[in-house]
Amino acid sequence: MDLFLPGNPEPAATRVVVAMSGGVDSSVTAGLVKEAGYDAVGITLQLYDHGQALQKKGACCAGQDIHDARDAADRLGIPHYVLDYESRFREQVINTFADSYLAGETPIPCVSCNQTVKFSDLLKTARELGAAALVTGHYALTKPEGGHMAMYRPADLDRDQSYFLFATTQEQLDFVRFPLGRLTKAETRAHAARMGLAIADKPDSQDICFVPNGSYADIIAKLRPEAAEPGAIVHVDGHELGRHDGIVHFTVGQRRGLGVAAGEPLYVVKIDAKARQVIVGPREALGVRRIALRDFNWIGGDVDWQAGLDVAARVRSARPPQEARVRCEDGVAVVDLVDGETGVAPGQACVLYANDGPGARVLGGGFIAKTTQSFELAPANAAARGPLGAQTGATAS
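Criteria and cut-off values
- Residues numbered from 1 in each chain as written.
- Predicted model: local features only at pLDDT ≥ 70, side-chain atom pairs only at ≥ 80, totals over all residues.
- Heavy atoms only, no water.
- pLDDT = per-residue confidence, 0-100.
- Contact = heavy atoms within 4.5 Å.
- Helix = DSSP H or I, 4+ residues; strand = E, 2+ residues; numbered from the N terminus.
- Buried < 20%, exposed > 50% of the residue type's maximum accessible area, 1.4 Å probe, protein only.
- Lys, Arg positive; Asp, Glu negative; His and termini not counted.
- Salt bridge = Lys/Arg side-chain N within 4 Å of Asp/Glu carboxyl O.
- Phe/Tyr/Trp six-rings, centres within 6.5 Å; stacked < 30°, edge-to-face > 60°.
- Lys NZ or Arg CZ within 6 Å of the ring centre and 35° of its normal.
- Polar contact = N/O pair within 3.5 Å; in protein donor to acceptor, adjacent residues only side chain to side chain.
- Axes fitted to C-alpha atoms, helices over the stretch in contact; angles between N-to-C directions.
- Parallel < 35°, antiparallel > 145°, perpendicular 65-115°, else oblique.
- Nonpolar A, V, L, I, M, F, W, Y, C, P; charged D, E, K, R; others polar.

### Observations regarding the confidence of the model for the protein chain
Then comes step 1: Per-residue pLDDT for the protein chain has a mean of 88; in total, 89% of the residues score no lower than 70.
Then comes step 2: Every residue in residues 50–59 is under pLDDT 50, and counting partners more than four places away or in other chains gives 20 contacts.
Then comes step 3: Ignoring residues within four places in sequence, the model shows residues 377–397, a span with pLDDT below 50, making 42 contacts including any to other chains.

Next up, the structure:
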């Protein structure tokens, strides 16, 4: 296994820190680093109350998973440390997650966790320990390119986690490595069995790690009670269909559980947090063709994307990249989707690739700040827009 470290140092004299969450992926990663002859050091982050997490199966970074990480490190014969990052995780990830929902967005806490806790705080700790690299169990690839490390989609696209890594800066990318990018999940589990790891058949973690039972609404309502204040459910043509018990219960693209009856299938088209309105409409009202991004991060090398560049854009982690064009407009990164997309919401990520195939280079991305919808109201409905005015079918913020 080649970590592509600067100067090709002797592995036995080179310390490498491995982020160990207690799952099969990070445990195998630690094993591969150890087998390659490096001075491997495992570090597990305790991110939230481990007493509560012991009651939640499929969680990471707490309770049973810390125990599993320690067991794996013992089996591999490497030192292992647990660092208490609870306060930092609460401040940078959990509170940010709750605030984003309160603003009517659909946040991605895994990106925030990578951006702040793992690739900022843990990376700093790795440097303080004299490590030459921080290695994680993400399914992505890094390879040298033009004097720096570049990120690519992995061999196993079913496990592709590059979507959650777009915010990695070039400085961080030059220090972080992802050895599993060349493996399939089945191959990773085979390595775990070969290494004699007890977690070889451990299920993958599910849902957001700090959300008990997958109920986002419960934890957000507890942290931000105002998110559970009632409001109106309004059709895109302007008339009120009913009431809701808080915008926290809705996300853009949602169809089920709206609590209103209509003669057509309805979807959440927009959430107006200030007015506490949930705007619903037909499926075609979800269509989006233009996206404005905030916190844009470019890691695609020395390329002039600002004047306009053809890319492949991915707006949901479960959807493949599609043809698009990125450019800079008044200092803001704007992405035009050739075929449009549905269910695109502020707060989600839009990640850009050189193309849509395996091994495609990750060029960067940003968080969706604003979308321009392709849907427009029929002229007959224009006068009935009521409180929505021209917002519907124009720009959703």
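### A word on the side chain of arginine 177
Then comes step 1: Secondary-structure assignment places arginine 177 in strand E7 (residues 176–177).
Then comes step 2: For the buried arginine 177, no salt bridge is present, and the opposite-charge side chain at shortest range is aspartate 174, 6.3 Å distant.
Then comes step 3: Ignoring anything within four residues of it in the chain, the contact list for arginine 177 reads Leu3, Phe4, Leu5, Pro6, Ala133, Leu134, Val135, Thr136, Thr142 and Met149.

### Here's the deal with the packing of aromatic side chains
Then comes step 1: As enumerated under the stated definition, the model contains 9 aromatic pairs in all.
Then comes step 2: When the centroid spacing of 5.7 Å and the interplanar angle of 80° are considered together, the rings of phenylalanine 89 and phenylalanine 210 count as edge-to-face. In this pair, phenylalanine 89 sits in helix H4 (residues 86–102) while phenylalanine 210 sits in the loop between helix H7 (185–194) and helix H8 (216–223), placing the two residues 121 residues apart along the sequence. In this pair, the class of phenylalanine 89 matches that of phenylalanine 210, namely buried.
Then comes step 3: Through a chain of ring-to-ring contacts, three or more aromatic side chains come together here, namely Phe89, Phe97, Tyr101 and Phe210.
Then comes step 4: Just above the ring of tyrosine 353 sits the side chain of arginine 153; from NZ or CZ to the centre is 5.4 Å.

### Some words on the environment of aspartate 174
Then comes step 1: Mapped onto the secondary structure, aspartate 174 falls in the loop between helix H6 (170–173) and E7.
Then comes step 2: Given the relative accessible area of 25%, aspartate 174 is considered partly exposed.
Then comes step 3: Spatially, the C-alpha atoms of aspartate 174 and histidine 148 are 6.1 Å apart, while their sequence positions differ by 26 residues.
Then comes step 4: Not counting chain neighbours up to four residues away, the residues in contact with aspartate 174 comprise His148 and Met149.
Then comes step 5: Within the structure, the side chain of aspartate 174 is placed 2.7 Å from the side chain of histidine 148, a separation counted as a polar contact.
Then comes step 6: Only 2.9 Å separates the side chain of aspartate 174 from the backbone nitrogen of methionine 149, close enough to count as a polar contact.

### Some points on the packing of H4 against H8
Two packed helices can be described by the angle between their axes and the distance between those axes.
Then comes step 1: Where H4 contacts H8, the two axes come as close as 10 Å, and the packing angle between them is 95°. On the basis of their axis angle, the class for H4 and H8 is roughly perpendicular. Residues Ile94, Phe97, Ala98 and Tyr101 of H4 form the contact with H8, whose own contacting residues are Tyr216, Ile219, Ile220 and Leu223.
Then comes step 2: For the contact of H4 with H8, the residue count by class is 8 nonpolar, no polar and no charged.

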